[in-house]
Amino acid sequence: MQTRRSFLGATAAGAAALAAPAAIGQARPRLVVIGGGAGGATMARYVARDAGGAVDVVLIEPTRTYYTCFFSNLYLGGFRDYDSLGHGYGGLATGGVNVVHDTAAGVDRDARTVRLASGPDIAYDALAVAPGIDFRWDSLPGYGVEHQNAMPHAWKGGSQTQLLKAQLEAMRPGGVFVMIAPPNPYRCPPGPYERVSMAAHLLTQINPTAKIIVLDTKKSFSKQALFSEGWAQHYPGMVDWLPPSITEGVQRIDVAAMTVETGFDSFKADVANVIPAQKAGRIAEAAGLTDDSGFCPIVPATMQSALDENVHVLGDAAIAGDMPKSGFSANSQAKAAAMAVRARLTGSRVFPPRYSNTCWSLIATDDGVKVGARYEATGEKIASVDSFISQTGEDAALRKQTYEESLGWYAGITADMFG
Amino acid sequence: MLRYGVLALSLALPAAAPAPAADPERGAALFSECSGCHMVGDGARHRVGPHLNGVFGRRAAGLDGYTYSKDMIRAGADGLEWTPETLDAYIANPRALVTRTRMSYRGMKDPAERADLLAFLRGYSASPRDIPEAPPTAEPTLPAALAGVAGDRDYGEYLASECVTCHQADGSDAGIPSIVGWPEEDFKAALHGYRAKLRANQAMQLIAATLGDEEIASLATFFATHAQQPAAP
Ligand SMILES: Cc1cc2nc3c(=O)[nH]c(=O)nc-3n(C[C@H](O)[C@H](O)[C@H](O)COP(=O)(O)OP(=O)(O)OC[C@H]3O[C@@H](n4cnc5c(N)ncnc54)[C@H](O)[C@@H]3O)c2cc1C
């Protein structure tokens, strides 16, 4: 307690003042946002900016620097340095968001308060929950939270990504890198395969006789034809992707022995990247916003929780119909939710939401591919209405341009999230 | 801002009736509008512009030995191919199809004249049988009627939030071009180009496909004035 208070410093005092409920009609209505990632940061920034001070926006986020998962694979491959993935919250604070660096420990939806880990309650008129994902630690026998340093998941931003890169760099010559790819639904469908590409790129340079084995829990995966073509072309003989029809699935992991047992064979790893099955960030479950799937059902047009109209759920934690769990999607959803929440709190105009997603992946130097879609809110879900995907056999100039586009997008979305 | 000066003038009118059969002989005479910069036929070489032999079915910026503009190279890499439709759009208003093209030609307004010119050029392409016999009747450039749709700035602001995920709001270009501070007519012409799939980028085609004329007009108004707001300190 002592350390947390001093760590929080001035913000803790600020948070204590937030405990007083906002009396509607007298004070400004308050929006509390839990989680300052792709969904939450965008939501906080847009409401603070567009409401022009008419809404008191509080963002609760424990970390002082957000390290994006997007482009973390490029860091692994050596195309980006680590610092370039980090983003601070100064721009949001300047933009009128009250940023509280703390963890939300609980939500009382009847009283409309959020309990901070450091103690105080914050009252809200509207709440946005955007905590990203947590892992189902019971999904792979033998692998638990205590093993995440021996076999990193690197599926949340920050130090895990650094750890995996360090392990790959230190791998013995000719060593074996084993990845266990997660079952659906998980964040960033093409992400594991972009990671394989980037690991292969790195290893081709520093450890060319190394092998990569992907033990998948799925029969097929996002952009499969594009990745398969790219692996054969750029990293011949290095990557083996094994679907459950061959392995009969992962049976158990022996972390001490660095082995993965499948129904078919036992695989010995020098470096293992284990990406477990996923669910909404813990606080969503604690707040009673999840269903049996572990994720949160929402109202398609507004991203309101299907269980509580005072709450919006954004990004990976939400069941967003046909939209994949991506930073692009979370950012897109946040804008629809920001518009809806402003309309509710201040009576501003509402327009039909526009949902879209584009996910770029880098396969090798200047070899970028993309997939994208548009979505519409129907009565029961967010439904895909149109889509595109890069084609196999595209020429090098187009692939290079697609990669350059992704650099433009990274600069655009991070500016859009953090100001 | 020289590039913007002449654009509004060159917006083509929608074709009222199907064009009559194209006349390559009249097209040969009209090629005088191009011949100051382009050669075609036996022994044609690059001049100010690239030679135009075999242009039908070719990727934009597809010839060796000629230095194209960055935007033409980008369009070619995106997949812009010279077809009757894309050539028609380019000749009607070069910058509506390829924003910063180096071809400083103000555009040929009359669709019938363009059809004649293309019929002439077609004779110098290796596989003329791949080209549909009917002359282009569609009007790919911005119909004049649209230029008057008043943009709603509020609506534009909401719609614009979708764009700034990729296009930086402050107008910087880190791999995706700036769209702030454009004259509205040029902006509308570019979006209509994507919507009609004359401009090739898939991501932009997808975005533009569901933008109605009113949305495009609102966006044009919003981004035209956006750059004039003082940058945040
Ligand atoms: C390797 C990899 C590559 C990826 N590549 C791409 C890509 O190229 N393009 C793309 O669009 N997406 C990509 N993604 C997916 C993208 O990172 C996520 O989909 C996106 O971050 C989801 O946004 P979010 O707001 O839901 O969650 P996050 O961005 O994860 O944000 C959640 C935030 O909530 C905070 N939080 C959690 N619990 C609490 C609590 N109790 N109290 C307060 N704060 C809390 C966390 O600290 C975190 O900052 C990638 C993901 C990975 C793993």
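Residues numbered from 1 in each chain as written. Chains lettered and ligands numbered in written order. Predicted model: local features only at pLDDT ≥ 70, side-chain atom pairs only at ≥ 80, totals over all residues. Heavy atoms only, no water.

**Some details on the overall build of chain A**
- For chain A, the count of helices and strands is 12 helices and 25 strands.
- Taken against the 2.2 N^0.38 rule, which gives 22 Å for 419 residues, the C-alpha radius of gyration of chain A at 22 Å falls within 12% of a compact globule.
- Overall, the C-alpha framework of chain A stretches about 70 × 50 × 35 Å when taken along its three principal axes.
- In chain A, buried positions account for 58% of the 419 residues.
- Counted over contacts in chain A with a minimum sequence separation of 6, partners at least 24 positions apart contribute 68%.
- Carbon together with sulfur atoms contributes 52% to the accessible area of chain A, which is approximately 15,400 Å² in total.
- Where the 36 positive side-chain charges of chain A centre and where its 40 negative ones centre are 5 Å apart. (Helix = DSSP H or I, 4+ residues; strand = E, 2+ residues; numbered from the N terminus. Rg over C-alpha atoms; globule rule 2.2 N^0.38 Å. Buried < 20%, exposed > 50% of the residue type's maximum accessible area, 1.4 Å probe, protein only. Contact = heavy atoms within 4.5 Å. Areas by Shrake-Rupley, 256 points an atom, 1.4 Å probe, with all protein chains shown as cover. Lys, Arg positive; Asp, Glu negative; His and termini not counted. Charge placed at Lys NZ, Arg CZ, Asp CG, Glu CD.)

**A look at the pattern of salt bridges**
Residues and elements named next belong to chain A.
- With the rule as written, the count across this model stands at 29 salt bridges over all chains.
- A salt bridge links arginine 109 to aspartate 308, with the nearest nitrogen and oxygen atoms 3.1 Å apart. In this pair, arginine 109 sits in the loop between β6 (104-108) and β7 (113-116) while aspartate 308 sits in strand β21 (residues 308-313), placing the two residues 199 residues apart along the sequence.
- Its relative accessible area of 24% is what places arginine 109 among the partly exposed residues.
- Residues joined in a network through salt bridges with shared partners are Glu229, Asp367, Glu394 and Arg399. (Salt bridge = Lys/Arg side-chain N within 4 Å of Asp/Glu carboxyl O.)

**Looking at the sheet that holds β6 of chain A**
Residue and element names in this part refer to chain A.
- In space, the three strands of this open sheet follow the order β6-β7-β8, with antiparallel pairing throughout. Only two strands of the sheet have a single neighbouring strand rather than two, namely β6 and β8 (121-123). Here the strands of the sheet are splayed against their neighbours by 25° on average, with no regard to which way each runs.
- In terms of strand pairing, β7 meets β8 through three bridges, oriented antiparallel. Following the sheet pairing, threonine 113 is matched in β8 by alanine 123. (Pairing = 2+ DSSP bridges. Axes fitted to C-alpha atoms, helices over the stretch in contact; angles between N-to-C directions.)

**Things to note about the side chain of asparagine 331 of chain A**
- Note that asparagine 331 of chain A resides in helix α11 (residues 327-346).
- Here lysine 335 of chain A takes part through its side chain, which lies 3.0 Å from a polar atom of the side chain of asparagine 331 of chain A.
- Setting aside anything within four residues of it in sequence, one finds asparagine 331 of chain A in contact with Ala38, Thr42, Ile413, Asp416 and Met417 of chain A together with Thr165 of chain B. (Polar contact = N/O pair within 3.5 Å; in protein donor to acceptor, adjacent residues only side chain to side chain.)

**Observations concerning the domain arrangement of chain A**
Residues and elements named next belong to chain A.
- Taken domain by domain, chain A consists of domain 1 (4-134 + 279-353) and domain 2 (144-276).
- Averaged C-alpha coordinates put domain 1 and domain 2 at centres separated by 32 Å.
- Note on domain 1 versus domain 2: buried area summed over both sides is about 1,800 Å², and carbon and sulfur give 63% of it.
- In this structure, the connection of domain 1 to domain 2 is made through two salt bridges.
- Among the salt bridges present, the one from aspartate 134 reaches lysine 156, with a minimum N-O distance of 2.9 Å.
- Linking domain 1 with domain 2 are nine residue pairs in polar contact (both at pLDDT 80 or more).
- For the side of domain 1 that touches domain 2, the secondary-structure elements that each account for two or more residues are α4 (72-77) and β10 (133-135).
- Classifying every residue of the side of domain 1 that touches domain 2 by side-chain character gives 10 nonpolar, five polar and three charged. (Domains from an automatic or database assignment. Buried area = accessible area lost by both parts, 1.4 Å probe. Nonpolar A, V, L, I, M, F, W, Y, C, P; charged D, E, K, R; others polar.)

**Observations regarding the interface of chain A and chain B**
- Listed by partner, the interface residues are 37 residues for chain A and 28 residues for chain B.
- When chain A packs against chain B, close to 2,700 Å² is buried across both sides, 54% of that on carbon and sulfur atoms.
- The interface formed by chain A and chain B holds three salt bridges in total.
- The salt bridge partner of glutamate 162 of chain B is arginine 374 of chain A, with a shortest N-O separation of 2.9 Å.
- For the pair chain A and chain B, the interface holds 17 residue pairs in polar contact (both at pLDDT 80 or more).
- Secondary structure elements with two or more residues in the side of chain A that touches chain B: α3 (38-50), α11, β23 (355-364), β24 (367-377), β25 (382-389) and α12 (396-418) of chain A.
- Looking at the side of chain A that touches chain B element by element, the count peaks at 13 residues for α12 of chain A.
- Split into classes, the residues belonging to the side of chain A that touches chain B amount to 17 nonpolar, eight polar and 12 charged.

**Side note on the packing of aromatic side chains**
Residues and elements named next belong to chain A.
- Scanning the entire structure with this criterion turns up 27 aromatic pairs over all chains.
- Between the aromatic rings of tyrosine 193 and phenylalanine 221, the centroid separation amounts to 3.8 Å while the plane-to-plane angle is 15°, which identifies the pairing as stacked. Of this pair, tyrosine 193 sits in helix α7 (residues 191-206) while phenylalanine 221 sits in the loop between β12 (211-216) and α8 (224-234), and the two are 28 residues apart along the sequence. In this pair, the class of tyrosine 193 matches that of phenylalanine 221, namely buried.
- Relative to tyrosine 410, the ring of tryptophan 409 lies with its centre 6.5 Å away and its plane at 80°, an arrangement referred to as edge-to-face.
- Take tyrosine 410: its relative accessible area is 3%, and that puts it in the buried class.
- Members of the aromatic cluster, joined through ring pairs, are Phe70, Phe71, Phe328, Trp360, Trp409 and Tyr410.
- Note that arginine 80 overlies the ring of tyrosine 410, its terminal NZ or CZ placed 4.7 Å from the centroid.
- We note lysine 325 situated over the ring of phenylalanine 295; from NZ or CZ to the ring centre the distance is 4.1 Å. (Phe/Tyr/Trp six-rings, centres within 6.5 Å; stacked < 30°, edge-to-face > 60°. Lys NZ or Arg CZ within 6 Å of the ring centre and 35° of its normal.)

**Some points on the environment of glycine 212 of chain B**
- In this structure, glycine 212 of chain B sits in the loop between α8 (202-209) and α9 (213-226).
- Taking the C-alpha atoms as reference, glycine 212 of chain B lies 9.3 Å from arginine 195 of chain B; in sequence the two are 17 residues apart.

**Digging into the domain arrangement of chain B**
All names here are of chain B.
- Domain boundaries in chain B define domain 1 (24-123) and domain 2 (144-225).
- Taking only C-alpha atoms into account, the centre of domain 1 sits 25 Å from that of domain 2.
- Taking both partners together, domain 1 and domain 2 bury about 870 Å²; carbon and sulfur atoms supply 52% of that area.
- Counting the surface domain 1 buries against domain 2, the share from its top three residues, Arg74, Asp78 and Ala96, is 43%.
- At the junction of domain 1 with domain 2, the criterion picks out six residue pairs in polar contact (both at pLDDT 80 or more).

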